[in-house]
Amino acid sequence: MSEPAEAAPARADCVADSAGGLTFHIADWARPAPGGHDDWSGALVLVRRGGRDGPDGEVRLPLGPTADGGLQAALPSTVALPEGRWDVHVAYRDAEPWRLAPGLNDLRSLVDRRPGPSTSPLSVRIPYATKHGNLSLRSWRRAPHAEAGEIRLEDDTMAVRGRLHRVAYPSEWLADAVVEARCRGGEAPVRTAPLEVEGPDFSFTLSYAELARTWGGGADVWDLWLRPADRTMAPARLARILDDVADKKEIFTYPPRAVAGGRGEALARPYYTRDNDLAVRIEALV
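Residues numbered from 1 in each chain as written. Predicted model: local features only at pLDDT ≥ 70, side-chain atom pairs only at ≥ 80, totals over all residues. Heavy atoms only, no water.

Per an unreviewed UniProt entry, the chain goes by Glycosyl transferase group 1 and derives from Streptomyces iranensis.

1. Comments concerning the overall build of the chain
How we decide: A run of DSSP states H or I qualifies as a helix once it reaches four residues; a run of E qualifies as a strand once it reaches two. Both are numbered from the N-terminal end. Note on contacts: a residue pair is in contact if any heavy atoms of the two residues lie within 4.5 Å. When charges are counted, Lys and Arg are positive and Asp and Glu negative, with His and the chain ends excluded. By convention, the charge on Lys lies at NZ, on Arg at CZ, on Asp at CG and on Glu at CD.
The number of helices and strands found in the chain is two helices and 21 strands. Along the three orthogonal principal directions, the C-alpha set of the chain runs to about 70 × 45 × 30 Å. Here the analysis covers contacts within the chain between residues at least 6 apart in sequence; of these, 64% occur between residues at least 24 apart. Taking the average place of the 36 positive charges on the side chains of the chain and the average place of its 41 negative ones, the gap between the two points comes to 2 Å.

2. Looking at the domain arrangement of the chain
To keep it simple, the criterion reads: Each domain's extent is set by a domain assignment, obtained either automatically or from a database. When two components associate, each loses some accessible surface as probed by a 1.4 Å sphere; the sum of these losses over both components is called the buried area.
Here the domain parsing of the chain yields domain 1 (11-142) and domain 2 (145-284). Once you take the C-alpha centre of each, domain 1 and domain 2 turn out to be 32 Å apart. Counting from both sides, the interface comprises 20 residues of domain 1 and, opposite them, 19 residues of domain 2. Summed over both partners, the interface of domain 1 with domain 2 buries about 1,700 Å², with 54% contributed by carbon and sulfur atoms.

3. Details of the nonpolar core
Stated precisely, the cut-off is as follows: Throughout this description, the term nonpolar core refers to a set of buried Ala, Val, Leu, Ile, Met, Phe, Trp, Tyr and Cys residues connected via side-chain atoms within 4.5 Å. Only protein chains enter the accessibility calculation, which uses a 1.4 Å probe; a residue is then buried when its area is under 20% of its type maximum, exposed when over 50%, and partly exposed in between.
Met158, Leu226, Leu238, Leu278, Val280 and Ile282 are the most contacted members of the largest nonpolar core, which has 36 residues in total. With four residues, the top contributor of residues to this core is strand 11 (residues 145-153). Once you skip the residues sitting within four places of it in the chain, Leu226 turns out to touch Ala146, Trp173, Leu174, Val178, Val179, Leu195, Phe202, Pro235, Ala236 and Leu238. In terms of nonpolar packing, the next biggest core, distinct from the first, is built from 34 residues, Leu22, Phe24, Leu107 and Tyr128 among them.

4. Let's talk about the side chain of Thr273
Along the chain, the position of Thr273 falls in the loop between strand 20 (264-272) and strand 21 (278-284). Sequence-distant contacts of Thr273, that is, excluding residues within four places in its chain, are made with Arg184, Lys249 and Ala279.

5. Structural notes on the packing of aromatic side chains
By convention here, two paired aromatic rings are described through the distance between centres and the angle between planes. Applied cut-off: Centres within 6.5 Å make a pair out of two Phe, Tyr or Trp rings, where for Trp the six-membered ring is used; the pair is then stacked when the planes are under 30 degrees apart, edge-to-face when over 60, and tilted otherwise. Criterion for a charge above a ring: Lys NZ or Arg CZ within 6 Å of the ring centre, and within 35 degrees of the ring normal.
All told, the structure shown has one aromatic pair when counted by the stated rule. Their ring planes at 80° and their centres at 6.1 Å tell us that Phe252 and Tyr272 sit as a pair that is edge-to-face. Linking Phe252 in the loop between strand 18 (236-239) and strand 19 (257-261) with Tyr272 in strand 20, this pair joins segments that are 20 residues apart in sequence. The cationic tip of Arg138 hangs over the ring face of Trp140; the distance from NZ or CZ to the ring centre is 4.3 Å. If you follow Arg182 out to its NZ or CZ, it ends over the ring of Trp225, 4.4 Å from the centre.

Okay, structure coming up:
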């Protein structure tokens, strides 16, 4: 899908609400002739990157006129938008959709967002500008969800605070739960550490040395999960998604620490993945 070469890219302003919904407003794009105010048949088209042909690969939202002569579409939090990256297009009648450019974003309601009690999946959508200057959305849909907060680094440990969302009774879910570190793509055993719990809030301390015991000299990535004592219940991935930053990997950075590993001295550091999940990387000294 590409925008006609002769047309300037239309820009969409985005306004987020605290429930996870978004409103798109297009103010600088003329409706295709001959359409008048009452002859508009358009849609905002969200296309999931890499999955348009799947059953959940495209979402169409009706566009309607606004009092200021623009066009508007709403993506309520109740519309299930699967996790992933969604490219934002506009379409008129049967014409091929084309990309929208980002306008102004009002994402104030996403800063330090505190979802209310519920067991329904947590919906998070953050608009952002791609490297090519187009408008896209990053979407998450999680239940349960473990939101990572403050991370404090000591010489050979990391201490993490967080809050559990989207379970009926958070304190009961967290009772006797542990944090699990799972080595991605490896055969290393799962490492665990206990939690300190106060209501829906939790904290834990993770030893870098424990993760590095089986380090083989390459790069090990450990993904962090909360695992309830009841193994019939789903675990919760530790992530940071309740704010207005779509990609945290290059923004929230932490200094590495030297640690003794299975093949000598290594570097350990926490980081956020491209999906804003929390992980720990063990790698060789440079």
